[in-house]
Amino acid sequence: MQTESSYTDEQVLNRITGRIPGRALIVLGTLVGLGLIGFVIGLFTAPQRTWQVYLVNFLFFSGLAAAGVLFGAAMQLAKGHWGKSMHRVAQGFGAFLPASYLLFLILYFGNGQIFPWIGNAVNAEGHPLPETWFNVGGLFLRGAAFLALLYILCFVFMYYTLRPDMPAAAARLSGWRRGLTDWMARGYKGEEEEAGRSRRILGRLAPILALSYAVMLSGMAVDLIMSLTPGWLSVLYPAYFFIGAWLSALAGLAVMATLFRMYLGLDFFAPNQWHDLGKLIFAFCIFWAYLWFSQYLPIWYGNMPRETVFIELRSLPPWQTFSIAFFACVFVIPFLLLLWQKVKMVPPYLASVAGLILLGLWLERFVAVVPSIWTEGGVPLGVIELLMTLGFLGLFGICYALYASTFPLLPLHDSIIVGAPRKGPY
Amino acid sequence: MASVAGPARTPFAKVSRDIIGALWDSDLRYRMMMLILLTVIGWAGVAWIYQIKYGMGTAGITHPVMWGVYITNFVFWVGIAHSGTLISAILYLLRSGWRTTINRAAEAMTIFAVMTAGLFPLIHLGRVWYFYFLAPYPNQRLLWPNFRSPLIWDFFAISTYFTISLLFWYSGLIPDLATIRDKLKGAPGLWGRFKEKLYSYLSLGWGGTDTQWRNYRRAYLYMAAIATPLVLSVHSVVSWDFAMAITPGWHSTIFAPYFVAGAIFSGIAMVITLSVPFRWALGLEDYITEYHYDNMGKLLLLTSLIVGYAYIAEYFMAWYSGDPAEWESFRWRAVGDYMGPFVIMTTCNVVIPLLCFARRIRRNIAAMFVISIFVNIGMWYERFVIIVTSLAHEYSPGAWGLYKPSWVELSITAGSFAWFLFWFMLFAKTLPAISITEVKESIAEGVWSPGDKKEEA
């Protein structure tokens, strides 16, 4: 295990597998297959359940993917040297974005099952809602346009972080991977010039990406969560949503980096980097809880029907248990555990806490979406929901595996930040 | 200590000389300035006495706007108090080296801003001698405060913030006070001996031993960790003074983070506004350079974008929710009788700070000074707009009304600025305005040294 100095280019490039390992492909393919089976069976037997859990997973995984790309931009903006060598691992989540776009378009076919305001757009107090906003065509048109914009930005960002390393990576690849990396390296002008050019472009792109992320995910929260409770008013909710997605990316990064380390021997990160990642997750757990409380308190105190309609449903059985569970998984338990330095510094411990946070955030999306749509009693959480979620996980995993098997997971050239070693003390 | 690296470019002695050299010597400009400030404070005192004698009718507040300029000032000054802890505690935890030369002044600003803010609830009370009703002490008249009132939460939040900020500031000062004490050893004259005694007393017997440094470092780190949540909590609680009411324009879930971002925004702006004349007057140009303004400009831009996001989100949600009262409140805020303050607020807080996207502007000290003044004005107006327009235009059209501040309120407002500046100027001449210890540490660690503008992109 190399712990003292940076990895050489050769060592980094040797870890590009050029193919998804057979076992991983079988597992992920099976998951996607199970998801498809669940989706088809669900459409015929319980369409509302199918579409609502489809929406839950779409929101969870799309947020994770966009925030994964944002990690590199955030490190660049904040000059977070410690995260420089970690951003490629998080950026891989962005490989899911094309699939996410397609999934959004497919969601159109389930609109009748998920948007309660269709045909009766009034709020809890009976006031009509603006028709210019509350119409299905408009929702999907603006959604398609804005998501395209955000996802293209994410891809451009990914492109420029990867481009300086492409010729070196291409030399070790074959087939479509070779074609893709050759295309990415077209017109290559030498390592130094390319790294400098990428750095300049990324410097300009990072704030634009961060702003777009906040605005686009706010729109996603408004249209795909808030509108499910027509007229529900909480100005903070969109920000709470995108901070949750950001936290999921941080937790996802900890999980993926640990998996690489444990199963593929990719021990890229130094103890102080794990410590910093743990501290960042700890800070955002607290910040997420702060936003949750900032939203809850004025609604509880004001006690106005147009606001309490959302909270009340989730505070009473049968949803109460799920609300308590997600709050415990995202904040209470991680907060207590991450107080220990050891939990932050030992990757398997950190990954376990991060996994719990991911579970909590999935539950949070579930509790945000389903109670607003579900018109029958009880909590619709059964085989269909399980299969659909596994299917999304499999699809996300395949996209990530394609990325991880094609590109170097440690930057060869400092396209994000100058002056920090790839590994070791900084 | 042998293990500490020697000075890289600037000798440690020069740092002590430069920073301590700026103390005590008060020239004519300084005295004139102090005289002007004292005159304004005196005038504000007269206005307050007039208000106490003739009653709250002398202030412009009346039904339906019962919170006016006094509460605007209160929120404004609490906001100003935010940058100190942000720069000292949060940036310390984030290992942001650039905070070194501005943290001391920002912390001092925090203390003085809270001292200023704390006056306004008292002034607003009218019968100020009953201020102790706020304090939760048991007594025979059973005057227990209402713990469900956000105003009481505020009392606790701000007093905690003040206590921690003061302790944090003072802890950071101890090694520097000892340096001054050592410099003053054997100072001639009665005044010299008095100063020596005073700094000796304040430095708490600091000798610079290993144990003392270790304890000092640990205490400073823990205090930074304790102070960090306070940055969020204090202005969140201030925002709940409004958000807990069901008044349209006030009752909003975004208020807590939005007020916190606004407070940091205005606080950073005030640090910039004060540091520009301050570095010039004390001859500390080498210590607060373009490098620091560049970074402060980035923070200013970030918080401006958050504030802008909140403005837009509030309007969008008011329209989107289909609630007529909410929408009317926001519509009137933009195009009603208070359109002027609204335009000032949005222009100064959202449009002008966009200039900070340009690195060239962030590194231009004069430009940053001008932008920061606009932000100060804009943030004062933001509080005015939120407080006054919401109260003036609530649910019932029969209860709508307008508010105009009286001369008493304006005088006291001017007095609050003078009061704040008075303390700040006193601080600049009696305590090291830049942390001697941290500058020396920066030099030793090669992070930054005086005069370094970090020109490279």
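Thresholds, definitions, all that
- Residues numbered from 1 in each chain as written.
- Chains lettered and ligands numbered in written order.
- Predicted model: local features only at pLDDT ≥ 70, side-chain atom pairs only at ≥ 80, totals over all residues.
- Heavy atoms only, no water.
- Helix = DSSP H or I, 4+ residues; strand = E, 2+ residues; numbered from the N terminus.
- Rg over C-alpha atoms; globule rule 2.2 N^0.38 Å.
- Buried < 20%, exposed > 50% of the residue type's maximum accessible area, 1.4 Å probe, protein only.
- Contact = heavy atoms within 4.5 Å.
- Areas by Shrake-Rupley, 256 points an atom, 1.4 Å probe, with all protein chains shown as cover.
- Phe/Tyr/Trp six-rings, centres within 6.5 Å; stacked < 30°, edge-to-face > 60°.
- 1 Å grid on protein atoms, 1.4 Å probe; cavity = no way out; pocket = protein on both sides within 12 Å on 5 of 7 lines; lining within 4 Å.
- Points joined across faces, edges and corners; volume = space filled by probe spheres on them.
- Nonpolar A, V, L, I, M, F, W, Y, C, P; charged D, E, K, R; others polar.
- Salt bridge = Lys/Arg side-chain N within 4 Å of Asp/Glu carboxyl O.
- Axes fitted to C-alpha atoms, helices over the stretch in contact; angles between N-to-C directions.
- Parallel < 35°, antiparallel > 145°, perpendicular 65-115°, else oblique.
- Buried area = accessible area lost by both parts, 1.4 Å probe.
- Patch = residues over 30% accessible without salt bridge, like charges linked within 9 Å, V, L, I, M, F, W, Y side chains within 5 Å.
- Left-handed = near helix turned anticlockwise from the far one by under 90°.
- pLDDT = per-residue confidence, 0-100.
- Disulfide = S-S within 2.5 Å.

*Asks:* Whenever I open this one, the overall build of chain A confuses me. Can you help?
*Replies:* Secondary structure summary: chain A contains 17 helices and zero strands in total. Expected size for 426 residues packed as a compact globule is a radius of gyration near 22 Å; at 22 Å, chain A falls within 12% of this value. Summarising its shape, the C-alpha atoms of chain A cover approximately 65 × 45 × 40 Å along the three principal directions. Residues counted as buried form 60% of the 426 residues belonging to chain A. Intrachain contacts of chain A at a sequence separation of at least 6 include 84% that bridge at least 24 residues. Total accessible area on chain A stands at roughly 16400 Å², and carbon and sulfur atoms take up 69% of it.

*Asks:* Please explain the packing of aromatic side chains as it appears in this structure.
*Replies:* Ring pairs (aromatic) are described by centroid distance and by the angle formed between their planes. All names here are of chain B. Within this structure, the stated rule accounts for 99 aromatic pairs over all chains. Taking 6.3 Å as the distance between ring centres and 75 degrees as the angle between the ring planes, the aromatic pair formed by tyrosine 381 and phenylalanine 384 counts as edge-to-face. Residue tyrosine 381 and its partner phenylalanine 384 are both found in helix 15 (residues 365-392); the two are separated by three residues, about one turn of the helix. The class for tyrosine 381 is partly exposed, based on a relative accessible area of 24%. By relative accessible area, which is 6% here, phenylalanine 384 ends up buried.

*Asks:* Looking at this structure, I do not really get the layout of surface pockets. What am I missing?
*Replies:* Gaps left between atoms are located by rolling a probe of water-molecule size over the structure's atoms. Residues and elements named next belong to chain A. A volume near 1200 Å³ is recorded for the second largest pocket. Forming the boundary of the second largest pocket are 40 residues, of which Leu28, Met256, Leu259, Gly397 and Tyr400 lie nearest the centre. Elements with a contribution of two residues or more to the lining of the second largest pocket: helix 2 (22-45), helix 3 (47-77), helix 11 (237-263), helix 16 (347-373) and helix 17 (383-404). Counting residues per element, the lining of the second largest pocket draws most heavily on helix 17, which supplies 10 residues. Here the lining of the second largest pocket is built from residues that sort into 30 nonpolar, seven polar and three charged.

*Asks:* Is there a simple way to think about unusual backbone geometry in this case?
*Replies:* Leaving glycine aside, a negative phi is the common case for residues, and trans is the common case for peptide bonds. In the segment running from proline 317 of chain A into proline 318 of chain A, the intervening peptide bond is cis, with an omega of 5 degrees. Tracing the backbone through its elements, the reader meets proline 318 of chain A in the loop between helix 13 (305-315) and helix 14 (320-338). The omega angle of the peptide bond from histidine 63 of chain B to proline 64 of chain B is 5 degrees, so this bond is cis rather than trans. With respect to the helices and strands, proline 64 of chain B occurs in the loop between helix 2 (28-54) and helix 3 (69-80). In the Ramachandran plot, asparagine 303 of chain A falls in the positive-phi region, its phi being about 50 degrees despite a non-glycine side chain. Checked against the element boundaries, asparagine 303 of chain A lands in the loop between helix 12 (271-302) and helix 13. Look at asparagine 303 of chain A and you get exposed, because its relative accessible area is 57%. Of note, the phi angle at leucine 204 of chain B is positive, near 50 degrees, even though the residue is not glycine.

*Asks:* Just to check I follow, could you spell out the pattern of salt bridges for this structure?
*Replies:* Between side chains of opposite charge, a pair can form when the charged atoms approach closely. This structure, assessed with the given rule, holds 18 salt bridges over all chains. Among the salt bridges present, the one from aspartate 176 of chain B reaches arginine 104 of chain B, with a minimum N-O distance of 3.0 Å. Here aspartate 176 of chain B is found in helix 7 (residues 150-183), whereas its partner arginine 104 of chain B is found in helix 5 (residues 103-117), with 72 residues between them in sequence. Taken individually, aspartate 176 of chain B and arginine 104 of chain B each receive the classification buried, so the pair is uniform in this respect. Here aspartate 294 of chain B and arginine 362 of chain B are joined by a salt bridge, their closest N and O atoms 2.6 Å apart. With a gap of 68 residues between them, aspartate 294 of chain B in helix 11 (residues 290-320) and arginine 362 of chain B in helix 14 (residues 359-362) connect regions that are remote in the sequence. Judged by relative accessible area, which is 5%, aspartate 294 of chain B ranks as buried. Shared partners join several salt bridges into a network, and the residues in it are Arg163, Glu194 and Arg197 of chain A.

*Asks:* Looking at this model, I keep getting lost on empty space enclosed by the protein. Mind explaining?
*Replies:* Under the criterion given, the structure shown has three cavities of 30 Å³ or more. The computed volume of the largest cavity comes to approximately 60 Å³. Every residue along the wall of the largest cavity is listed here: Leu233, Ser234, Val235 and Glu307 of chain A together with His251, Ser252, Thr253, Glu314, Met317, Ala318, Glu326 and Phe330 of chain B. With three residues, helix 11 of chain B is the single largest residue contributor to the lining of the largest cavity.

*Asks:* Would you mind going over the packing of helix 4 (residues 82-93) of chain B against helix 10 (residues 255-281) of chain B with me for this structure?
*Replies:* When two helices pack together, their arrangement is given by the angle between their axes and by how far apart the axes lie. Residue and element names in this part refer to chain B. Closest axis-to-axis distance for the helix 4/helix 10 pair is 7 Å, and the angle between their directions is 85 degrees. Taken together, helix 4 and helix 10 sit at an angle that is classed as roughly perpendicular. Contact residues: helix 4 offers His82, Ser83, Leu86 and Ile87, while helix 10 offers Ala263, Ile264, Gly267, Ile268 and Val271. Classifying every residue of the contact of helix 4 with helix 10 gives six nonpolar, three polar and no charged.

*Asks:* Is there a simple way to think about the interface of chain A and chain B in this case?
*Replies:* In many analyses, interface size is given as the accessible surface area lost on bringing the parts together. Facing 43 residues of chain A, the contacting portion of chain B comprises 34 residues. Between chain A and chain B, the buried area comes to about 3000 Å², and carbon and sulfur atoms account for 68% of it. For chain A, the biggest contributors to the area lost against chain B are Val235, Tyr290 and Tyr301 of chain A; these three give 23% of the whole. For the interface between chain A and chain B, the tally reads two salt bridges.

*Asks:* Explain a nonpolar patch on the surface to me, please; I cannot follow it from the model alone.
*Replies:* A cluster of nonpolar side chains, namely Val332, Ile333, Leu336, Leu337, Leu339 and Trp340 of chain A, defines an oily patch on the protein surface of about 550 Å² accessible area. Position of leucine 337 of chain A among the secondary structure elements: in helix 14.

*Asks:* What is the right way to look at the packing of helix 4 of chain B against helix 5 of chain B in this model?
*Replies:* Residues and elements named next belong to chain B. Relative to each other, helix 4 and helix 5 sit at 145 degrees, their axes nearing to 7 Å. Judged by the twist between their axes, the crossing of helix 4 over helix 5 is left-handed. Every residue of helix 5 that contacts helix 4 at Ser83, Gly84, Thr85, Ile87 and Ser88 is listed here: Asn103, Ala106, Glu107, Met109 and Thr110. Considered class by class, the residues forming the contact of helix 4 with helix 5 number three nonpolar, six polar and one charged.

*Asks:* Please explain the environment of valine 369 of chain A as it appears in this structure.
*Replies:* Residues and elements named next belong to chain A. Turning to its location among the elements, valine 369 is positioned in helix 16. Spatially, the C-alpha atom of valine 369 lies 7.3 Å from that of leucine 228, the residues being 141 residues apart in sequence. Setting aside its immediate chain neighbours within four residues, valine 369 contacts Gln52, Leu55, Val56, Leu59, Leu224, Ile225, Leu228 and Arg314.

*Asks:* Sorry if this is basic, but what is going on with the confidence of the model for chain A here?
*Replies:* Low-pLDDT stretches of the model should not have their predicted coordinates read in fine detail. With 95% of its residues at a pLDDT of 70 or more, chain A shows a mean pLDDT of 90. Low pLDDT (under 50) marks residues 417-426 of chain A, which in the prediction has 42 contacts with non-local residues, meaning those over four places away or in another chain.

*Asks:* What am I meant to see in the state of the cysteines here?
*Replies:* Chemically, a disulfide is nothing more than a covalent bond linking the sulfur atoms of two cysteines. Residues and elements named next belong to chain A. Following the criterion strictly, the structure yields zero disulfides over all chains and no others. Cysteine 329 carries a free sulfur, and the closest cysteine sulfur to it, the one in cysteine 285, is 11 Å from it. Cysteine 329 sits in the buried class, given a relative accessible area of 10%. Cysteine 154 supplies the cysteine sulfur nearest to cysteine 399, a cysteine that is in no disulfide, at a spacing of 14 Å.

*Asks:* How do you make sense of helix 13 of chain A when you look at a structure like this?
*Replies:* Think of an α-helix as turning once every 3.6 residues; residues three or four places apart then point the same way. Of the positions making up helix 13 of chain A, those classed as buried are Arg306, Glu307, Thr308, Phe310, Ile311 and Arg314 of chain A. Where the residues of helix 13 of chain A are buried, they touch helix 11, helix 12, helix 14 and helix 16 of chain A together with helix 12 (324-335) of chain B.

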